[in-house]
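Commentary on secondary and tertiary structure
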Amino acid sequence: MILGIWKEKKLLAGVLVLMSGAASAADIRPGCYERVYSDDHLRSHPEQVVWQIRLKVGDWFTEVSREGRLEVIAANQGHARQNDMMGRVLVQSLYCGTEARGDVCRADCDAGQLEVTKQDSAGLTFRTRYLMAGEGGCGGGLDLAELPNQWVSYRLNRVSDSVCAGM
């Protein structure tokens, strides 16, 4: 009987270790991520509103969140062009990770969020259906979603931390 209980506790401990490893794997890794979209890419995605994008995921801000910063240069197409945002440098502060999910970054002022759907040593892919970036503060700006409330994905490459210096 005692041997059976000991084996069950050992099995339970092993399962808990595996579960904690899986949870930490979902955390967004710190670093600098960037993508500059080519003219060919933009022509083949005429609704895309982002020409250049950089994401910096930094140090722990709270016990569950890392500091994040997004910088976008708007494309000359889609609703960025319609709203006269093309070529503007737009930013957003983010909190990456929550008590419930390690794969999200939430923006200040209820300005949306992004969800990391894939991450490896080469970079990350995130999706959003509402994430505002602006020229400062909380108001105005550009929604990274191409169409209101419809998912759009962005694949960013892992680059040297120096690329995000000053963000």
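Now for a description of the structure that goes with this document. Residue positions are given per chain, counted from 1 along the sequence in the order it is written. Reporting of local features is limited, given that this is a predicted model, to residues whose pLDDT is at least 70; pairs of side-chain atoms are given and counted only at 80 or more, and all residues count toward the totals for whole chains, interfaces and linings. Hydrogen atoms and water are omitted, and side-chain values are computed over all heavy atoms in the structure.

Here's the deal with the pairing of strand S7 (residues 123-133)
Let me state the cut-off plainly: For every residue, the accessible area (1.4 Å probe, protein chains only) is compared with the maximum for its type, and the residue is labelled buried under 20%, exposed over 50%, or partly exposed between those bounds. Put simply, DSSP H or I for four residues or longer makes a helix, DSSP E for two residues or longer makes a strand, and each gets a number counted from the N terminus. When DSSP finds two or more bridges between a pair of strands, those strands are recorded as paired.
Buried residues dominate S7, accounting for eight of its 11 residues. Bridging between strand S6 (residues 112-120) and S7 involves seven bridges; their strand directions are antiparallel. Counterpart to Lys-118 in the pairing with S7 is Thr-125. Connecting the antiparallel pair S6 and S7 is a turn made up of two residues. Inspection of the sheet shows S7 paired to strand S8 (residues 142-143) by two bridges, in the antiparallel sense. When the bridges of S8 are listed, Met-132 appears paired with Asp-143.

Focus on the state of the cysteines
The condition that has to hold: Count a disulfide wherever a pair of cysteine sulfur atoms falls within 2.5 Å.
Applying the stated criterion to the full structure yields two disulfides. Between the sulfur atoms of Cys-96 and its disulfide mate Cys-105 the distance is 2.1 Å. Taking the sign of the S-S torsion, about 105 degrees here, the bridge from Cys-96 to Cys-105 comes out right-handed. Take Cys-96: its relative accessible area is 3%, and that puts it in the buried class. Relative accessible area serves as the criterion here: at 0%, Cys-105 is assigned to the buried category.

Let's talk about the packing of aromatic side chains
Selection rule: Under the pairing criterion, centres of Phe, Tyr and Trp rings, with the six-membered ring standing for Trp, must be within 6.5 Å; the plane angle then separates stacked pairs below 30 degrees from edge-to-face pairs above 60, leaving the rest tilted.
Considering all chains together, one arrives at three aromatic pairs under this definition. Ring centres of Tyr-37 and Tyr-154 lie 6.4 Å apart, and the angle between their planes is 65 degrees; on these two criteria the pair is classed as edge-to-face. Within this pair, whereas Tyr-37 is found in the loop between strand S1 (31-36) and helix H2 (39-44), its partner Tyr-154 is found in strand S9 (residues 152-159), the two being separated by 117 residues in sequence. Residues Tyr-37 and Tyr-154 agree in their burial class; the two are buried.

Some words on the nonpolar core
We apply this condition: As used in this record, nonpolar core signifies buried Ala, Val, Leu, Ile, Met, Phe, Trp, Tyr and Cys residues forming a set joined through side-chain atoms within 4.5 Å. The contact definition used throughout considers only heavy atoms, calling two residues in contact when any of these lie within 4.5 Å.
Residues Ile-53, Leu-94, Phe-126, Leu-144 and Tyr-154 are the most contacted members of the largest nonpolar core, which totals 34 residues. Of all the elements in the fold, those that place two or more residues in this core are strand S2 (50-60), strand S3 (66-74), strand S4 (89-96), strand S5 (104-107), S6, S7 and S9. If you tally residues by element for this core, the top one is S7, at five residues. When sequence neighbours within four positions are dropped, the list of residues in contact with Leu-94 reads Leu-55, Arg-66, Glu-67, Gly-68, Leu-70, Cys-105, Arg-106, Ala-107, Leu-114 and Leu-131.

Some remarks on the environment of Gly-68
The residue Gly-68 is located in strand S3 in this model. Looking at Gly-68, the relative accessible area reads 11%, which means it is buried. Put simply, Gly-68 and Gln-92 are 24 residues apart on the chain and 8.4 Å apart in space, counted from C-alpha to C-alpha. For Gly-68, the residues in contact, after removing those within four places along its chain, are Lys-56, Gln-92, Ser-93, Leu-94 and Cys-96.

A short note on the side chain of Asp-103
Our working definition: We call two N or O atoms a polar contact when they sit within 3.5 Å, provided that within protein one can donate a hydrogen and the other can accept it, with sequence-adjacent residues counted only if both atoms are side-chain atoms.
Tracing the backbone shows Asp-103 in the loop between S4 and S5. Of the polar contacts made by the side chain of Asp-103, one reaches the side chain of Arg-101; its length is 3.0 Å. For Asp-103, the contacting residues outside a window of four places in its chain are Ala-26, Ile-28, Leu-114, Glu-115 and Val-116.

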